[in-house]
Amino acid sequence: MAVATAFGAAIKRKEDPRFVTGTGTYVDDVQLPGMTYAAILRSPYAHARIKSIDISGAKAMPGVLAAWTGKDLEADLNPLPMAWAAGGNSGGEVGGVVNNVNSPRVLAIDDVKWTGEGVAVVIAETREQAEDAREAIDVDWELLPAVVDTEGATADGAPQLHENAPNNVAFTWAVGDRDGTDAALKAADVVVKQRIVNQRLIPNPMEARGSVGKWEQGNDEYTIWMGSQTPHIQRLLLAAFVMGVPENKIRVIAPDVGGGFGQKIFCYADMALVAWASKQLGGRPVKFAETRRENYQAGTHGRDHITYMKVAAKRDGTVTGLKVKTYANMGGRLSTIGPGIPTTLYGRLLAGPYKIPNVFCEVIGTYTNTVFVDAYRGAGRPEATYVLERAMDLVADELGIDPADVRRRNFLAPDEFPYRNPSGLLRSWNDAEVEIDSGNYEPALDKALAMAGYADIGTAKQEAEGRGKHLGVGLSTYLEICGVAPSKWIGLVGEGWGAAMWESANIRIHLTGKVVLSIGTSSHGQGHETTMAQIVATELGVPVEDVTVDHSDTFGTPFGYGTYGSRSAAVGGMAAIKAADKIKAKARVLAAHMLEAAPDDVVFEEGKLFVKGSPDKAKTIQEVALAAHVGYDLPDGVEPYLDETAYYDTPNCTWPFGSHVAIVEVDKETGAVDLVRYVAVDDCGVRINPMIVDGQLHGGLVQGIGQALWEGAVYDENGQLLTGSMMDYAVPRASWFPTFEMDQTVTPSPVNQMGVKGVGEAATIGSTPAVVNAVVDALSSYGIRHIDMPLTPQRVWRAMQAARNGGNGEVRS
Amino acid sequence: MTFSVAMVVNGTARSLEVDPRRLLVHVLRDDLHLTGTHIGCDTSQCGACTVVVDGRAMKSCTMLAVQADGSAVTTIEGLAPAGTMHPLQAAFWEKHGLQCGFCTPGMIMTAVDFLERTTDPSDEEIRHAIEGNYCRCTGYQNIVAAIKEASSLLRAGGTASIAVGGDDEEPLPPFSEEEGAAPAGPVAEAQETSPSGSSSSSS
């Protein structure tokens, strides 16, 4: 590529002036003439049959334009799609994947499966009128027993949610070698076992979800504004599955989006509802903006695993086997890609950065009376990393070996790549392959340990004891899979994702020399308008200020699969480079004509085109763009304009890694945990904008640490969401953190010419186990081996008390 | 039944007829179309709706619109003349103190009030000052850096060096006090101290 100018620079973000001046446009800021407002009535019960719904009272309320139940929509709107059945069984001896699919309707008709499932809607002239009228809807419920626990749901006698899913099993899935792993456990010097809970989380983008629908009578077309990470996918899903209208009759716009963290990847009922309602109202626009409470009750949650693991190891700390059985909560019905998260993105990565010869992983996806569970920042990879990094510490504890040394002993060595791991990450049954292509794990660990003063931690522990604190240090050496994904591997014939996962970019250079890049990925805070401009400015040799980035509107941007799985740079960025390559190829033909030379003799360097050896007689890319636009003198057969589109399907995923060190102090009396230092050394490959990379890491750390210490979504046994508002769910605050100490190693990804890997999820994945390992280390003198998250003072205090009373301190969550 | 409410909003006198149950944030957003003030929760936790009312940062979801009768309200849109940035806005941009931008207006308005009262804050004081403002993107680290940077800019005479949409070259006119942003009160607020007294490392 061209000599880096903008690429690699920590330049300020192009999108920020509108955000700091309050002139961004989020979906609830969209205002259209004649706007109407939707309020959705949600079930107050977790499991109930709908005997009848009377909406006549609501219809008579002031300002009400319409009210509907699920039955009124049934003829026009299909249930929401489930687009990622657990697939890709890797040829293991466990047979075919069983999927018992039940997905939500736009409004429930016969029964509800969680507190907050929508059953009726009111449209009114104002928000307040819609909410008032909603109160006048009368539903006759028949209550049913509920179950919320993912393991308990499979027990004999548990309440059953769906007739087609006996024992509430949505799917079963397994990878790896069961016999080999059993043999490794049998032959091991030591075996450690642990039940581990990865608690349910609420994603909490600061902007809750919403959508605005507008139907145009003249051409029978819909425009839907939505807070979404995936506007193109949503158009496809709404067209093909929910609304049954052609894709070219729907335009989806994701305006400024206030964070997503996975929750805004998916297809939601309101997207179809506002569009359909607008048509019923003759084209008046309909807005739905959920409250935070609705976001908690009806938006996807994340994680929620119960895992039983067994680890086989030799006396020297070499891990020889890992056997895992996981119950993954899917909620009451399946979300868009729910089953893909605890399977492909979990089981296949369980061996992490280690050379573990025998791995077997079995996953049981379950239906419970809770809202649907789907990808949340990291999506499967945090759950796998948590299991594995707890396993490493348990082995170290059992053998009395330093946890850092256990990790070193098991790391894949730099000369062992490409590496194909034993949980079948890398060899789908259709022979599509991805492989861990690069890595150099020990330098990152060395650097992190040095920064943390790991060698002298004993002194710090003694000093803390004198102050009534137990000091603990915890490590996490994670491996991530990013830049998802080769379509053949992840798609229907491979891992079961219902489509493809390439990316797209279009570049146009206008007569004025200004560049417009249109992309298929979609920013919801990552800064695509800056980083993508940096890539293209560098490729084309133009000022970064001259590159405008269009995204997130299906009218005018090429189809793309959107932003999640840390894929925008590694896949979307490469699409932009491929489009720039096409622009340059055409520019060379045009410049050759202008310079009266042969195209093969013309070189492109930093925005100038000239005959080899004659840079003084160069044409700039802007001059060529002008000539291409006016078209007065084009070579034979060459079309006017510089306008090129590229689609890029990556040949492999990318493999970021890193080492994190957490230092905590636990108050001996209260069990309160204080995170006193946090060191993160991350290797995300080459950094396009180091400032943005650091920002992604900071935010990821707070979410990962938040899971370890404070966050957790809690349902009571009747399915009521106890953490139903921000008063009850512990979104981390600024004062709870020290200043993070950051550094990096750089192992460029060999899969793309930029060497980038992806960084959106890394710190969330790495940080949760580091903090838990630190707390368990702090409590080692109690004989405590494990405490389930979140490590609140109450839970830690109970563990200490139980240990003081003679137990092993285990407190089940 | 509606009530008449008269407010000075971003320096302009506004008179409105308001349903008494409506919150200040709803009137700002829906009636005055000042959509830079955001709604992030329904329990007054997140701080996305923070504006400055009579010189003090206020979550505009904690106030009925009728309670603002007679008040001077400054929202993010009124913080600096068009085409320029308040030092806090410039510093948030400079230090990457935002990602999705949704919490940013509230965060900045909280900091406007804070820096009026605490002109040279420590990291820890800043972290406590923004406890009532959630951010899910940045991990707060660069927000702390931004507020610190803004405090230096303000101490140095309140000149922001960055124009909206431009580059670093053009200096802005000196920052002038906004209407409604009253000078620091006679009684300095006692600074909260950390209950844990920890946070050993700082930038």
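Residues numbered from 1 in each chain as written. Chains lettered and ligands numbered in written order. Predicted model: local features only at pLDDT ≥ 70, side-chain atom pairs only at ≥ 80, totals over all residues.

Peer 1: Could you clarify how one ought to interpret the environment of Ser-781 of chain A in this entry?
Peer 2: All names here are of chain A. Note that Ser-781 resides in the loop between α19 (762-778) and α20 (793-804). Its 11 C-beta neighbours within 10 Å are what place Ser-781 among the exposed residues. With 102 residues separating them in the primary sequence, Ser-781 and Val-679 have C-alpha atoms 24 Å apart. (Helix = DSSP H or I, 4+ residues; strand = E, 2+ residues; numbered from the N terminus. Buried ≥ 20, exposed ≤ 12 C-beta atoms within 10 Å, placed from the backbone.)

Peer 1: So what exactly am I meant to see when it comes to the nonpolar core here?
Peer 2: The nonpolar side chains of a soluble globular protein tend to be buried with one another. Residue and element names in this part refer to chain A. Counting residues in each nonpolar core, the largest one holds 327 residues, and the members touching the most others are Ala-38, Ala-272, Leu-517, Val-536, Val-664, Val-771 and Val-775. For this core, the element with the most residues is helix α16 (residues 568-595), which contributes 12 residues. When neighbours within four sequence positions are excluded, Ala-38 is seen to be in contact with Val-121, Ile-123, Ala-130, Leu-273, Val-274, Ala-277, Val-286, Lys-287 and Phe-288. (Core = buried A, V, L, I, M, F, W, Y, C linked by C-beta atoms within 7 Å. Contact = placed C-beta atoms within 7 Å.)

Peer 1: Would you mind showing me how to read the packing of helix α10 (residues 381-399) of chain A against helix α11 (residues 403-410) of chain A here?
Peer 2: Helix-helix packing: each pair is described by the crossing angle between the helix axes and the interaxial distance. Residue and element names in this part refer to chain A. The N-to-C vectors of α10 and α11 enclose an angle of 115°; their axes lie 9 Å apart at closest approach. The orientation of α10 relative to α11 falls into the category roughly perpendicular. Here α10 runs over α11; the crossing is right-handed. In contact with Met-392, Asp-393, Val-395 and Ala-396 of α10, α11 contributes Pro-403, Val-406 and Arg-407. Here the contact of α10 with α11 is composed, by residue class, of 5 nonpolar, no polar and 2 charged. (Axes fitted to C-alpha atoms, helices over the stretch in contact; angles between N-to-C directions. Parallel < 35°, antiparallel > 145°, perpendicular 65-115°, else oblique. Left-handed = near helix turned anticlockwise from the far one by under 90°. Nonpolar A, V, L, I, M, F, W, Y, C, P; charged D, E, K, R; others polar.)

Peer 1: Please clarify how the confidence of the model for chain A should be interpreted in this entry.
Peer 2: Low-pLDDT portions of the prediction should not be read for the details of their coordinates. Across chain A, the average pLDDT comes to 95, with 97% of residues at or above 70. Below a pLDDT of 50 lies the segment residues 90-95 of chain A, which in the model reaches 13 contacts outside its immediate sequence neighbourhood of four places, other chains included. (pLDDT = per-residue confidence, 0-100.)

Peer 1: How should I be thinking about the sheet that holds strand β1 (residues 36-42) of chain A in this particular structure?
Peer 2: Across a sheet, paired strands are connected by hydrogen bonds in the backbone, their directions being either parallel or antiparallel. All names here are of chain A. Across the sheet, which stays open at both edges, the 7 strands sit in the order β3-β6-β1-β13-β10-β11-β12 with mixed pairing between neighbours. Each having just a single partner strand, β3 (64-69) and β12 (250-253) make up the two edges of the open sheet. Strand-to-strand twist of the sheet, defined as the mean angle between neighbouring strand axes without regard to direction, takes the value 20°. Judged from the 6 bridges that link them, β1 and strand β6 (residues 118-124) form a sheet pairing that is antiparallel. (Pairing = 2+ DSSP bridges.)

Peer 1: How should I be thinking about the pairing of strand β19 (residues 515-519) of chain A in this particular structure?
Peer 2: Residues and elements named next belong to chain A. Of all 5 residues in β19, 4 are buried; the element is thus mostly enclosed. In this structure, strand β18 (residues 503-509) lies alongside β19, joined through 5 bridges in antiparallel fashion. The partner of Ile-509 across the bridge, within β19, is Val-515. Taking the residues that link successive antiparallel strands as the turn, the β18-β19 hairpin has 5 residues, and the phi of Gly-513 there is positive, at about 90°. Regarding topology, helix α15 (residues 528-540) serves as the crossover connection from β19 to the parallel strand β20 (residues 547-550), and that connection is right-handed. (Right-handed = clockwise from strand over helix to strand, strands pointing away.)

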